[in-house]
Amino acid sequence: APIQGIGTQDSNSADGDGRGASPQISRVIVGFNVFGHDVGAHIAKAPEHSKPFRRKVRLYRSTINASMTGQTSVGEKSRQGGMDISQIRKNKGLTKLLVLAKREKVKEELRRNQEQLTCRIWRRMLSRPSQDGSLPRVSDIVNEFG
């Protein structure tokens, strides 16, 4: 039998008068999230409304709420917004986030320093030979860049 309408009820299951109930209309929303190559990989890790996405939203909201409840009066000065260390320690999610952010910052700094040192060593090796005209020895480079 052809479909009469979305959500229509069978005439036998109606009020018993044989006419059937009025159709129930349902709304369906279909959405497409389109992102560029620069952020698409990051978005794929936590698509909207997924469990990781909701967890990040809860974490964000908890940090906002904690900073808003932290508005207290200290002496004559009033502290507006912000968080103090005791509030951060109480919020396990925020503490984990800050530890991870610090680790990533240290890794990035180490990587950048290693790249700079490598470039300096290559420039040194290619720019000037040793005093006797041969290639520099490892000990020379270690002494120079320590």
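Structure shown above.
Residues numbered from 1 in each chain as written. Predicted model: local features only at pLDDT ≥ 70, side-chain atom pairs only at ≥ 80, totals over all residues. Heavy atoms only, no water.

Trainee: Provide a residue-level description of the overall build of the protein, including the pertinent values.
Mentor: Looking only at helices and strands, the protein features five helices and two strands. Of the regular secondary structure in the protein, the N- to C-terminal order runs α-α-β-β-α-α-α. The 146 residues of the protein split such that 12% are buried. The contacts in the protein between residues at least 6 apart in sequence include a share of 17% that link residues at least 24 apart. (Helix = DSSP H or I, 4+ residues; strand = E, 2+ residues; numbered from the N terminus. Buried < 20%, exposed > 50% of the residue type's maximum accessible area, 1.4 Å probe, protein only. Contact = heavy atoms within 4.5 Å.)

Trainee: An account of the side chain of N91 is requested, with residue identities and associated values reported.
Mentor: By the secondary structure assignment, N91 is in the loop between α3 (85–90) and α4 (92–127). Those residues in contact with N91 that sit more than four places away from it in its chain are L59, S62 and T63.

Trainee: I'd like a description of a nonpolar patch on the surface, backed by residues and values.
Mentor: A contiguous nonpolar patch, built from V28, V30, F32 and V34 and spanning about 530 Å² of accessible area, is present on the exposed surface. Within the secondary structure layout, V34 lies in the segment before α1 (37–45). (Patch = residues over 30% accessible without salt bridge, like charges linked within 9 Å, V, L, I, M, F, W, Y side chains within 5 Å. Areas by Shrake-Rupley, 256 points an atom, 1.4 Å probe, with all protein chains shown as cover. Salt bridge = Lys/Arg side-chain N within 4 Å of Asp/Glu carboxyl O.)

Trainee: Mind laying out a positive patch on the surface, listing which residues take part and the relevant values?
Mentor: A contiguous patch of positive charge on the surface is contributed by K45, K51, R54, R55, K56 and R58. Sort the elements by how many residues they give to the positive patch and helix α2 (residues 51–69) lands first, with five residues. Secondary-structure assignment places K45 in helix α1. Since its relative accessible area comes to 65%, K45 is described here as exposed. (Lys, Arg positive; Asp, Glu negative; His and termini not counted. Charge placed at Lys NZ, Arg CZ, Asp CG, Glu CD.)

Trainee: Lay out the side chain of R124 with the relevant residues and their values.
Mentor: For R124, the position within the fold is in helix α4. The class for R124 is buried, based on a relative accessible area of 10%. A distance of 2.6 Å separates a polar atom in the side chain of R124 from a polar atom in the side chain of E144. Contact partners of R124, with chain neighbours within four places excluded, come to P136, E144 and F145. (Polar contact = N/O pair within 3.5 Å; in protein donor to acceptor, adjacent residues only side chain to side chain.)

Just distances and angles here, no functional claims.
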